[in-house]
Amino acid sequence: MIPVTGLCVGLDLDLAKLPAPYQDRPDGLTAFGCDVIDATRHVASCYKLNLAFYEQYGRVGLDAMYAIREHCGKAYVIADAKRGDIGNTSAAYARAVFEDLNADAITVSPYMGRDSVGPFLEAAGRMVYVLALTSNPGSQDFQRLNVEGMPLYERVIRTTLDWPRSADVGFVIGATNAAELADLRSKFPTVPFLIPGLGSQGGDEQQTVAANGGGPAVFNVSRGLLYLDQTEGCMASIRAEAERLNGVLTSRL
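Each residue is numbered by its place in its chain's sequence as written, counting from 1. Residue-level local features of this predicted model are given only where pLDDT is at least 70; pairs of side-chain atoms are given and counted only at 80 or more, and the full residue set underlies all totals for whole chains, interfaces and linings. Only hydrogens and water are set aside; all other atoms, that is, all heavy atoms of the structure, feed into the side-chain values.

Asker: Quick one: what's the story with the environment of A96, residue by residue and with numbers?
Answerer: In this structure, A96 sits in helix 4 (residues 87-100). Between the C-alpha atoms of A96 and G170, which are 74 residues apart in sequence, the distance is 20 Å. Segments assigned H or I by DSSP are reported as helices when at least four residues long, segments assigned E as strands when at least two residues long, and all are numbered from the N terminus.

Asker: Before we move on, can you summarise the side chain of R185 with the specific residues and values?
Answerer: Relative to the helices and strands, R185 is located in helix 8 (residues 178-187). Buried charged residue R185 carries no salt bridge. Nearest counter-charge: D183, at 11 Å. The term polar contact refers here to a pair of N or O atoms within 3.5 Å; inside protein, the definition further demands a hydrogen-donor-capable atom paired with an acceptor-capable atom, and it admits residues adjacent in sequence only when both atoms are side-chain atoms. A polar contact of 2.7 Å, which involves the side chain of R185, links it to the backbone oxygen of F188. Looking at R185, its side chain comes within polar contact range of the side chain of N212, at 3.0 Å. Each residue's exposure class comes from its accessible area (1.4 Å probe, protein chains only) as a fraction of the maximum for that residue type: buried when under 20%, exposed when over 50%, partly exposed otherwise. When charges are tallied, Lys and Arg are placed among the positive residues and Asp and Glu among the negative ones, while His and the ends of the chain are skipped. Counted as salt bridges are all cases of a side-chain nitrogen of Lys or Arg within 4 Å of a carboxyl oxygen of Asp or Glu.

Asker: Please give an account of the packing of helix 1 (residues 28-40) against helix 3 (residues 58-72) that cites residues and values.
Answerer: Helix 3 packs onto helix 1 with a crossing angle of 20° between their chain directions and a minimal axis gap of 9 Å. As far as their axial angle goes, helix 3 and helix 1 are roughly parallel. Regarding helix 1 and helix 3, the two cross each other, and that crossing is right-handed. Of helix 3, the residues touching helix 1 (which contributes L29, T30, G33, C34, I37 and D38) are G61, A64, A67, I68, H71 and C72. Every axis corresponds to a line fitted to the C-alpha atoms, with the helix fit spanning only the stretch in contact, and the corresponding angles, defined between N-to-C directions, vary from 0 to 180 degrees. Our angle categories are set so that under 35 degrees counts as roughly parallel, over 145 as roughly antiparallel, 65 to 115 as roughly perpendicular, and the remainder as oblique. Each crossing gets its handedness from the near helix: less than a right angle anticlockwise from the far helix is left-handed, clockwise is right-handed. Any two residues whose heavy atoms approach within 4.5 Å are treated as being in contact.

Asker: Lay out the side chain of T160 with the relevant residues and their values.
Answerer: Within the element layout of this structure, T160 appears in helix 7 (residues 152-161). With relative accessibility at 1%, the residue T160 sits in the buried group.

Asker: Could you give me a rundown of the nonpolar core, with the residues and numbers involved?
Answerer: Take the buried residues of types Ala, Val, Leu, Ile, Met, Phe, Trp, Tyr and Cys, join any two whose side-chain atoms come within 4.5 Å, and each joined set is a nonpolar core. In terms of nonpolar packing, the biggest core is built from 74 residues, with L11, F32, F171, I173 and F193 touching the most fellow members. In contact with F32, other than residues within four places in its own chain, are L13, L18, P19, Y22, L226, Y227, M235 and I238. Formed by 11 residues, the second largest nonpolar core is a distinct cluster that contains I78, A105, V172 and V218.

Asker: Which residues make up the packing of helix 1 against helix 11 (residues 234-249), and what are the values?
Answerer: Relative orientation of the contacting elements helix 1 and helix 11 amounts to 45°, with a least axis distance of 9 Å. Comparing the axis directions of helix 1 and helix 11 gives the class oblique. Read as a crossing pair, helix 1 and helix 11 show a hand that is right-handed. For the pair helix 1 and helix 11, the contacting residues are F32, D35, V36, A39 and T40 in the first and M235, I238, R239 and A242 in the second. All amino acids are sorted into three groups, where Ala, Val, Leu, Ile, Met, Phe, Trp, Tyr, Cys and Pro are nonpolar, Asp, Glu, Lys and Arg are charged, and the leftover types, Gly among them, are polar. A per-class count over the contact of helix 1 with helix 11 returns six nonpolar, one polar and two charged.

As structure tokens, then:
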């Protein structure tokens, strides 16, 4: 089942930022990730694993990623991989994420076109979040270019929605783009959005929720939740902040 709306906990784990109780532990990544899941499971609609944060540590990081994925259990898991390549490579990426990691959803880049996204869209029962308008400053470079009377990010959405698919499809819209989010939500009221960028990246909670207008969306919070408390009481702080965020993010239901 696709999560309709609510808090997405981003498990972007960084050894240098782990709270004190998890520092200098050989299992620090795994222990912290699993404890975050336990502290937020009652309010999180889903979890997002940014694969790069695990891959950077080699085998140790990959082992932690698989252990954390297993600890998620039946919770909805998004693999934030931003994959996108020629067809046979994308097919291999799709098998790795959907069959091996057993993720429910993936983020993909549409820059190479239909044949690069197609293998992901063939995965029935999964969700493919296509990058449309991201929250980073570099989104100005290409995503906002005018293409036949509309910004490229809107063209990406309209074109992708016309592609044949067995998977569900949604789009990544950064929380730092409140005005554009509101415009896109008015044009695509039932299309699922993955909305990152709250907190550390500058997205305002209230503005983002208002701009989304109650449409189907998951709102990702990573650093602003994971690393807000470096003390022994970090999990209590994470639990309380997750509950607060969930209340704000679901206020327009």
